Structures are given as C-alpha cells and as structure tokens.
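One letter stands for each residue in the lines below.
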Amino acid sequence: MSTDTQTPKPARSAPASRADRAGRPTLGKLWDTWGITAILALLLAATPLVAPDFLEFSNLQSVLRESAYLGIVAAGMTFAIASGAFDLSVGGQLALVSVVTLIGYSAGGTALAVAAAVATGLACGLVNAGLITGLRVPPFVATLGTLFVFRGVAYILTQDGPKTLPYDQIGSPFVKIGGLNVAGIPLPFVIMLVVYGAAWLLLRRTATGRRILSYGSSPAAARFCGISETRIRIFVFALVGVSVGIAALTYITRVWTADGSAQDGFELKVIAAVVLGGTSLKGGKGTLIGTFSAVLLVSVLNDMLVSQGVPSAYQRIVLGCVLIVALTIDGLRTRFAAPGSFRRALSVLVQRPSPVDGA
Amino acid sequence: MSAALRKAPLVVPLLLVVLFLALRTDSFLSGGNIENVLVNAAIVAVPGLAMTFCLAMGEFDLSVGSTVSLAAVVCCSAIIDGVPVLLAMLLALLAGALIGLVNGMVVTKLGVTPFIATLATLVIVRGLALAYTDGHDQIVSSPALKYLVGGRPLGVPMPILLAVLATALAWWSINRTRFGRWVCAVGSNREAARVSGLPVDRIRIAIYVLVGTAGGFWGLLIASQLQKGNGQLGLGFELDAITVVVLGGTALLGGRASVLGTVLAAVLIETIRNGLNLLNTPPAYQRISVGLLLIAALALLGLRRRVTAGPATVPAAVKEAVV
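Residues numbered from 1 in each chain as written. Chains lettered and ligands numbered in written order. Predicted model: local features only at pLDDT ≥ 70, side-chain atom pairs only at ≥ 80, totals over all residues.

Side note on the UniProt feature "transmembrane region" (unreviewed entry) in chain A
Residue and element names in this part refer to chain A.
- Residues annotated by UniProt as "transmembrane region" (unreviewed entry) correspond here to residues 34–55, 67–88, 94–127, 139–157, 177–203, 232–253, 288–307 and 313–332.
- The span residues 34–55 is 77% helix and 0% strand, and its two end C-alpha atoms sit 23 Å from each other.
- Taken end to end, residues 288–307 has its terminal C-alpha atoms 28 Å apart, with 100% of it in helix and 0% in strand. (UniProt positions renumbered as here; feature names shortened; annotations may be inferred. Helix = DSSP H or I, 4+ residues; strand = E, 2+ residues; numbered from the N terminus.)

Quick look at the structure:
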C-alpha cells in the first residue's frame, strides 16, 4: 500500500509485506491500518460498563480538546518516522514555540501570536533539517542536541519567570482557539481533524508522500531512483516543525503558561503514539488513521483511568503495558507474516489465492 | 601522537576548555574543584560505560532514568524498613538487573523494537517507583550509604575509584574478550552474527541486564548523594547517558565502541558544566552547550567521513541493504 506500484509481478522470494503492496486488501494489511482503530472502538464500546461518566458530553469535549496538541504533532511525526527518521526535539520545540507565541501575543495580539507560532516551529524544523542535511549529523543525534538547545533557549527567554496569558485576556480571539466549540466540537479538535485531512492527502495522494515512503523503505534504492535525500529531509523536518507550531497554539491557549520545562518528555509520548498507531520505526510505512486512533486511544484510556480514581502512577504503568502489548501483537504478526506459514492461513480467510508458494 | 588523537579526539576540546577555564577563573584549578568535576564525571561515566556496550550492539536503553529512580527508592525504603544497608544496596542493584532482564526478554522474545520496549519500561518503571512511594520522599540518614559517594579509600573519592575500575573492566572486555567481540559483531550485523552461530538473543539479554544493573548503581549513587529516594529522580538521565556515549564516538548504528571516548565525554561535559557554573552562567546555557557540543562533535565526524569517503560510504549502503 505504500511504496511501489511500479512492480506488478509478485516477487517470489520477497517478504510477504512487499508482495502485499500489490493491491488487494489482506487481513494483515487491514490490521496495519485499522487495528488500533478497532481496539479504540472496543474500548469505547466498553466505556458504559466501566466508566459511565465518560460518555457525558462535556467529558467527551474535554478529552478531544486535550488530545489535540499531541495529535497534531503526532501527524507531523508520522511523516518523519515513515521517512525512517525521528525527531526527538519536539518537546523542546513545543516549549520554545509556546514561549515565543506568548511573547508575540503580548507584543502584537492574536495575529502576531499565530504568525510567531508557525514561524518559530518552521524555524526549529529548518534548523534540524540544516544540521541533518548540511552538516550530515544523524537525525537521532541532531534532534537530541536541538532538544537541549530549544529547551535551553526557552529557559533563557523565561528567566524572569514563566510567560503567561494575562487573566483579563479571556475574551480575546487568541484564547478562544483553545476554548471555543464549533457546533459542540472543540476548536482544537477541529484543527486536528483538518491537519489530519491535509496530512492524509499529502501522504497518500501526492508524489511527495510517495517519495517520503519510498525513501523510508530504502534510502539507497530511493537515491538510485533520483529522489533527493536533501529535499525529503528538509520537507519532513520542516513539516514536523510546522505541526508543532500549530499544536502549540492549541496547547498554550489551554494551559495559559509556558517556560523551558513545559511538556518534559513530550517527544517520547509523540513517538509512542505514532508507533502504537502502526507506523514502523524502520520507515517506509506510515498510517495517519492509525496515528489518529492511537492518540485518541491514549487520551481515552488516560481519561478513563483518571475518572476511575486510578492514581497517576498506575496510569503510567497501564499505558506502558498497552504499548508493549500492542507492539508485541504487531511483532508476532510480522513474524508470522513471513513467507509461508501464517500468511497463507490469512489468505484463505479472506478468499484470496496465495501468490507466494513457499518454494 | 596522531593515532592517539584519532582514537580520542575529545582530548583536544577538553584541553581547550581546561585552558580557557584556568585562565578565566581563579577557582577552576583548585584541588577541590577538580575533584568535584571528576566525581560528577565518574557518576555519569559508570552507566555511560554500560550504555556504550548497548550502543555498540546497535540498540538503546531508554529506561535508565526510571531505573535510577526505582533503585534509589528500593534502597532507601529498604533501609527505612531496617534492612542492613549492604543488603539494601544489593536489592537496588537486583531491581535494576530485573528491569534489564524484562527489557531483554521483551526485545528478544516478543520482538518489540528496543526503542519502544525500553520507552514503555521507562514509563512503567517510573510508575512503579511513584506508586511504591505514593509520591513521597523516602528520606534516610545512612553513613554507610553516604560512603558510596563521600568515602575516600586510599584518599581517592570512591566514585572516581569505581569509575576507574569500571573503565578498565569495560575496556578489557570490549577489546580483549570474546564477549566484547560478540557484542560488536551483533552490532555491526545481527543477522550475520546469528548465522555464524553466536547466541544473539543471550548476548542482547546480557547487555540489557548490564545496563539495568548499571542504572541501578546510578540510582544508588544518587541516593547516596541526596540521602533520599523518590519517583522523580533521574528524569531525563537516559538521554544524559546516551549523550555521553555518542559524544564519545561510539557508532550510533553499532559495531564499534569507544570506552575511553565515553569517559572523556563525561569529563568534558562535567568540565563545561562546572565552568559555566564558575562563570555564573544561568543553568539554561548548560543545556544549550551540551546540545551544541553533541551536534558539533557529530557534524565534525560527518564532515570527516564525507571528505574521506565520498557521499555514500559503502558500509552504510550495505547496512541499509541488510536492514
């Protein structure tokens, strides 16, 4: 589903996942995209039994509102991971962008704040891209370094105390970004939906999306096909930066305050959500539907645990276990999906003749 | 001389920084301050050495920060419960080893990517530490525990002594033993190592246990310094440990380890931190400097590689083809 539709003949000895990309849906392929969504649906179906309060309208609203900033950054991160890299600096970016946005707001109101958010995010992304493409620093180290740097700059900007939105600004259009509802749906979630729509089109319906996926599945092969590594890197990391910029707008208008320590550990949360959604850390495979559902799954789970009075310490334990279980299932699936064995059984289930005869 | 420099390029920036600080501050070269720097470097270096093995094997362990917290909690609450201090310390190390074992099993037997598996245990273990302490500090007052950081057998501060021992041991086992060779073999090409008959899974599990135990030890050092344990200790330490290793020149994709590099990197980072303190720079600049240092080191490495080997190095291409 991701890379190569140019090679119609099913490669004999290629791993099953490669052959899967020929077209027709298999169970495994469906699971890749929709598996986490199915789990989310199950969880939601179970909520009336476990946590009846969950379905109250105001609670649903607040869950969606709180999940927006994580979701938006996760959309950008899906591209990075699909291209085979990841951006560890998003936590630092979020802190820095939030601080700069608040400075922008106090200097020039809503318009400047929005511009500052997007511009700062983009600038952070371009710094990462420059280090990776220009100075040839591996993405892991480059973004680990800039994580320290961005956070550090945010700390320096807030040396006299955290930046906050003054309380009398509650009626301003900027603050409404976080608080407004559109037909009952919180605006941050609407923004998140729009971001996901655009991201899906970009990944699945444009040449750029295809190039990102092919680069992720094999950088060497992509280079030989004339795909510019530099352009992919710049595009992907700029995209992550812009997504942080947008996310920061929904974040800062919810929490009203930011300093260098804002959202410590955010990068790991984002990466966890993307991977939980089914995007492979090896690159070449990305699913925005999966990421979207994973973000909601984590938020819903969190909210349910909170509403059940589970102490936050145990919430961490539960979330960590969910991550391991989800990835274990995925690992087992890919292991059995190797040529032969389990895959054939799946093909039978969905009435599909097996193209791979295990020799 | 140039061969030595190629092996430990960090000597140059370290000397420059020391020279700069010696000229710019009065107190940097005082015996107490140098010792202070070295003790702090030693505390990071020991887990850094374990992490060196892990990266040489081509994998990460992100759970170290939480292991620090849990080990400190285990040790301190055991002491509070009247367990003899030595036994309490042993329990903490055991807790660390157990976390490592879980990591290793999840990674090898369940086939979860190390990055995600250890990310999950990072979250879980911190949850355990918080749950166990109910969010409270476990405060102890134990001279025996204090000895771990404050003691001076033979007049040398204990952490430095331990770090020197650990360095020697790590250097020996990477460069002179079969096990070290195995670790690098797994790091440079796991499939090839498996085909050649190496017990790959067991090697990986062993390394995770090693890193877990070292994380536990780090927790003991922190508990010894602060005389307390709680669920908040060690936040972000995993990245500190990885930073030291990467800065030291261990290949990020595995296959090569630089033990001395790790130690030098620990000393360099602590020297810079100390210098910035002496120069009265706000703590924020310390973060920035560590980040910039990391980027600069790897950028130089990248530039050198580009100059010597052209745009796409052969090993990199081979690696991509295999993975």
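What about the confidence of the model for chain B?
Residues and elements named next belong to chain B.
- On average, chain B scores 86 in pLDDT, and the residues at 70 or more come to 91%.
- This stretch, residues 309–323, has a pLDDT under 50; its non-local contacts, to residues over four places away or in other chains, come to 11 contacts.
- We note a pTM of 0.81 for the whole complex and an ipTM of 0.77 for its interfaces. (pLDDT = per-residue confidence, 0-100. Contact = placed C-beta atoms within 7 Å.)

A word on the nonpolar core
- Counting residues in hydrophobic clusters, the biggest one holds 210 residues, and the most contacted among them are Met77 of chain A together with Cys75 of chain B.
- Counting residues per element, this core draws most heavily on helix H4 (residues 90–134) of chain A, at 18 residues.
- Among all residues touching Met77 of chain A, those that are not within four sequence positions of it are Phe86, Asp87, Val90, Val240, Val270, Ile271 and Val274 of chain A. (Core = buried A, V, L, I, M, F, W, Y, C linked by C-beta atoms within 7 Å. Buried ≥ 20, exposed ≤ 12 C-beta atoms within 10 Å, placed from the backbone.)

Remarks on the UniProt feature "transmembrane region" (unreviewed entry) in chain B
All names here are of chain B.
- UniProt records the feature "transmembrane region" (unreviewed entry) at residues 37–58, 70–99, 111–133, 154–174, 205–223 and 284–303, using the numbering of this structure.
- Secondary structure over residues 37–58 splits into 91% helix and 0% strand, and the C-alpha atoms at its two ends are 30 Å apart.
- In the segment residues 111–133, helix accounts for 87% and strand for 0%; the C-alpha atoms at its two ends are 32 Å apart.

What to know about the environment of Trp200 of chain A
- Its place among the elements puts Trp200 of chain A in helix H7 (residues 187–205).
- Taking the C-alpha atoms as reference points, Trp200 of chain A and Leu112 of chain A, separated by 88 residues in sequence, lie 29 Å from one another.

As for the interface of chain B and chain A
- Facing the 42 residues of chain B at the interface are 44 residues of chain A.
- The set of elements that each furnish at least two residues to the side of chain B that touches chain A consists of helix H6 (114–133), helix H12 (237–247), helix H14 (283–309) and helix H15 (314–322) of chain B.
- Per element, the largest residue contribution to the side of chain B that touches chain A is 14 residues, and it comes from H14 of chain B.
- Across the side of chain B that touches chain A, the residue classes tally to 30 nonpolar, eight polar and four charged. (Nonpolar A, V, L, I, M, F, W, Y, C, P; charged D, E, K, R; others polar.)

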